[in-house]
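So the chains spell out like this:
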Amino acid sequence: MSLSPYVPIIGLFALAAAFALFSIGAARFAGPRRYNKAKLEAYECGIEPSPQPIGGSRFPVKFYLTAMLFIVFDVEMIFLYPWAVSFDMLPVFGFVAMLIFIGAVFVAYAYEWRRGGLDWD
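Under an unreviewed UniProt entry, the name given to the protein is NADH-quinone oxidoreductase subunit A, and the source organism is Micromonospora craniellae. Among the UniProt annotations of the protein, the heading Sequence similarities (unreviewed entry) holds the following wording: "Belongs to the complex I subunit 3 family." Under the Catalytic activity (unreviewed entry) heading, UniProt states for the protein: "a quinone + NADH + 5 H(+)(in) = a quinol + NAD(+) + 4 H(+)(out)".

Take a look at the structure:
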């Protein structure tokens, strides 16, 4: 068993690790060291951070619905694009499988719509 097919992959990993270590080391030496209270606080999209109660606070469900909506449509596109490219080569089973998948995505979409994930107020 020869390791020659794996040499380029190992070399690429070694190069990536060397670049990462070099970047971290160079940033430590080249970066400014003027810390203040504003730089050490959490960044909240340009608004003043609000004090949090002990133990954290609850996020509105809308954040989770938006994330779920993104995941549903992202996964849908990942599966629909290759299916559309090879549609003429698929038998009837491929068409039925995609109909079932689109039905499942529609159920997720209807759930989002019903829960108010598409209302931007």
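A. Representation of a nonpolar patch on the surface within the structure. Among the surface-exposed residues, Phe 87, Val 92, Phe 95, Val 96, Leu 99 and Ile 100 lie close enough to one another that they form a single nonpolar patch of about 580 Å² accessible area. Mapped onto the fold, Val 92 is located in helix α4 (residues 92–115).

B. Representation of the environment of Tyr 109. Note on placement: Tyr 109 falls in helix α4. When the C-alpha positions of Tyr 109 and Leu 69 are compared, they lie 7.5 Å apart, and in sequence the two are 40 residues distant. The residues touching Tyr 109, leaving out its near neighbours within four places in the chain, are Phe 73 and Leu 118.

C. How the structure looks around the side chain of Glu 76. Tracing the backbone through its elements, the reader meets Glu 76 in helix α3 (residues 61–85). Residue Glu 76 is classed as buried on the basis of its relative accessible area, which comes to 14%. Those residues in contact with Glu 76 that sit more than four places away from it in its chain are Phe 101 and Val 105.

D. How the structure looks around the packing of α3 against α4. For the pair α3 and α4, the least separation of the axes is 10 Å and the interaxial angle reads 165°. With respect to each other, α3 and α4 are oriented roughly antiparallel. Where α3 crosses over α4, the handedness of that crossing is left-handed. Across the interface between the two elements, Val 61, Leu 65, Met 68, Leu 69, Val 72, Phe 73, Val 75, Glu 76, Phe 79, Leu 80 and Trp 83 from α3 touch Gly 94, Phe 95, Met 98, Phe 101, Ile 102, Val 105, Ala 108, Tyr 109, Tyr 111, Glu 112 and Arg 115 from α4. Its residues placed into classes, the contact of α3 with α4 shows 18 nonpolar, one polar and three charged.

E. The UniProt feature "transmembrane region" (unreviewed entry) in the protein, seen in detail. What UniProt calls "transmembrane region" (unreviewed entry) maps, in this numbering, to residues 6–30, 63–84 and 90–111. End C-alpha atoms of residues 6–30 are separated by 36 Å, and the span's content is 96% helix alongside 0% strand. Strand forms 0% of residues 63–84 and helix 100%; the C-alpha atoms that close the span are 31 Å apart.

Parameters and conventions
- Residues numbered from 1 in each chain as written.
- Predicted model: local features only at pLDDT ≥ 70, side-chain atom pairs only at ≥ 80, totals over all residues.
- Heavy atoms only, no water.
- UniProt positions renumbered as here; feature names shortened; annotations may be inferred.
- Patch = residues over 30% accessible without salt bridge, like charges linked within 9 Å, V, L, I, M, F, W, Y side chains within 5 Å.
- Areas by Shrake-Rupley, 256 points an atom, 1.4 Å probe, with all protein chains shown as cover.
- Salt bridge = Lys/Arg side-chain N within 4 Å of Asp/Glu carboxyl O.
- Helix = DSSP H or I, 4+ residues; strand = E, 2+ residues; numbered from the N terminus.
- Contact = heavy atoms within 4.5 Å.
- Buried < 20%, exposed > 50% of the residue type's maximum accessible area, 1.4 Å probe, protein only.
- Axes fitted to C-alpha atoms, helices over the stretch in contact; angles between N-to-C directions.
- Parallel < 35°, antiparallel > 145°, perpendicular 65-115°, else oblique.
- Left-handed = near helix turned anticlockwise from the far one by under 90°.
- Nonpolar A, V, L, I, M, F, W, Y, C, P; charged D, E, K, R; others polar.

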